[in-house]
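# Examination of the molecular architecture
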Amino acid sequence: MEFNFTGDWDKVFKMLDPTVFKQIARLGLQKIAAFYEGKIKENIVSGGQLAGKPFLENAPSTINAKGSSKPLIAKGELVANVKAYEVSNNTFFVGVKRGNARTKEGRDYADIAATHEWGAIVPTKSGIRFTVPPRPFMGPVLEKFKGDALKIFRTTMLGWLK
């Protein structure tokens, strides 16, 4: 019995090469990380509407202190610090990287992001404690757009075969 391949099988065999496969997979993951970076930033700007989880309103004391009623946005620093990074081969991080940037008061933006994502009880310099309610801006985006992320990966992998 004899078999003949028709079509561009050289491309298929090349893709099955582990080195080529890893390069294509890395490109797909890189595209997903960039996609999520953009969606997380959009979600912050939309007040959580993009992911379908609107943020709780700021307390009057917060509005007075920062001069804005828009949650998570004072001057745009949190949005600016959401980034996609490759941390190792084929491993990407999307969010606010610890030690990357600080406020003028010295607070790490990663701590600020965590406070908003999960909520916290925060002490002030005067010893008063106040509660910051959770305003998840990353988790709902990752959940809502996971199907889109899969499509990006699939399209990248299958695009190589064309």
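Right, let's walk through the structure included here. All values reported here derive from a predicted model rather than from experimental measurement.

## Remarks on the overall build of the protein chain
Along its length, the protein chain carries seven helices and four strands. Reading the protein chain from its N end, one meets helices and strands in the order α-α-α-α-β-β-α-β-β-α-α. The buried share of the protein chain, reckoned over its 162 residues, is 31%. Counting only contacts in the protein chain whose residues sit at least 6 apart along the sequence, the fraction spanning at least 24 positions is 51%. If you sum the accessible surface of the protein chain, you get close to 10,700 Å²; carbon and sulfur atoms cover 58% of it.

## Quick notes on the environment of isoleucine 73
Locating isoleucine 73 in the fold gives a position in the loop between α3 (60–66) and α4 (77–81). With 26 residues separating them along the chain, isoleucine 73 and glycine 47 place their C-alpha atoms 8.9 Å apart. Non-local contacts of isoleucine 73, meaning those with residues more than four positions away in its chain, are made with Ile44, Val45, Lys66 and Ser68.

## Side note on the layout of surface pockets
Quantified by volume, the largest pocket comes out at close to 1,300 Å³. If you go around the largest pocket, you meet 30 residues; those closest to its centre are Thr62, Lys66, Arg107, Ile112 and His116. Elements supplying a minimum of two residues to the lining of the largest pocket: α3, α4, α5 (109–118), β3 (120–123) and β4 (129–132). Here the residues of the lining of the largest pocket sort into 13 nonpolar, nine polar and eight charged.

## Let's talk about the pattern of salt bridges
Pairing between side chains becomes possible if they bear opposite charge and their charged atoms approach one another. Counted according to the given criterion, the structure contains five salt bridges. Ionic pairing is found between lysine 41 and glutamate 37, a salt bridge with its closest N-O pair at 3.1 Å. In this pair, lysine 41 and glutamate 37 both sit in helix α2 (residues 18–45), four residues apart, roughly one turn of the helix. The salt bridge involving glutamate 143 is made with lysine 146; its shortest N-O contact spans 3.0 Å.

## Notes on the nonpolar core
Ile40, Ile44, Leu78, Val96 and Phe137 are the most contacted members of the largest nonpolar core, which totals 23 residues. Residue assignment for this core shows that the elements contributing at least two residues are α2, α4, α5 and α7 (146–159). Not counting the four nearest positions on each side in its chain, isoleucine 44 is found in contact with Phe55, Leu72, Ile73, Leu78, Val79, Val82 and Phe137.

## Quick notes on the pairing of β3
Pairing of β3 with β4 involves four bridges; the strand directions are antiparallel. Note on β4: the bridge partner recorded for proline 123 is arginine 129. Here β3 hands over to β4 after five residues, with glycine 127 in that stretch at a positive phi of 95 degrees.

Calculation notes
- Residues numbered from 1 in each chain as written.
- Predicted model: local features only at pLDDT ≥ 70, side-chain atom pairs only at ≥ 80, totals over all residues.
- Heavy atoms only, no water.
- Helix = DSSP H or I, 4+ residues; strand = E, 2+ residues; numbered from the N terminus.
- Buried < 20%, exposed > 50% of the residue type's maximum accessible area, 1.4 Å probe, protein only.
- Contact = heavy atoms within 4.5 Å.
- Areas by Shrake-Rupley, 256 points an atom, 1.4 Å probe, with all protein chains shown as cover.
- 1 Å grid on protein atoms, 1.4 Å probe; cavity = no way out; pocket = protein on both sides within 12 Å on 5 of 7 lines; lining within 4 Å.
- Points joined across faces, edges and corners; volume = space filled by probe spheres on them.
- Nonpolar A, V, L, I, M, F, W, Y, C, P; charged D, E, K, R; others polar.
- Salt bridge = Lys/Arg side-chain N within 4 Å of Asp/Glu carboxyl O.
- Core = buried A, V, L, I, M, F, W, Y, C linked by side-chain atoms within 4.5 Å.
- Pairing = 2+ DSSP bridges.

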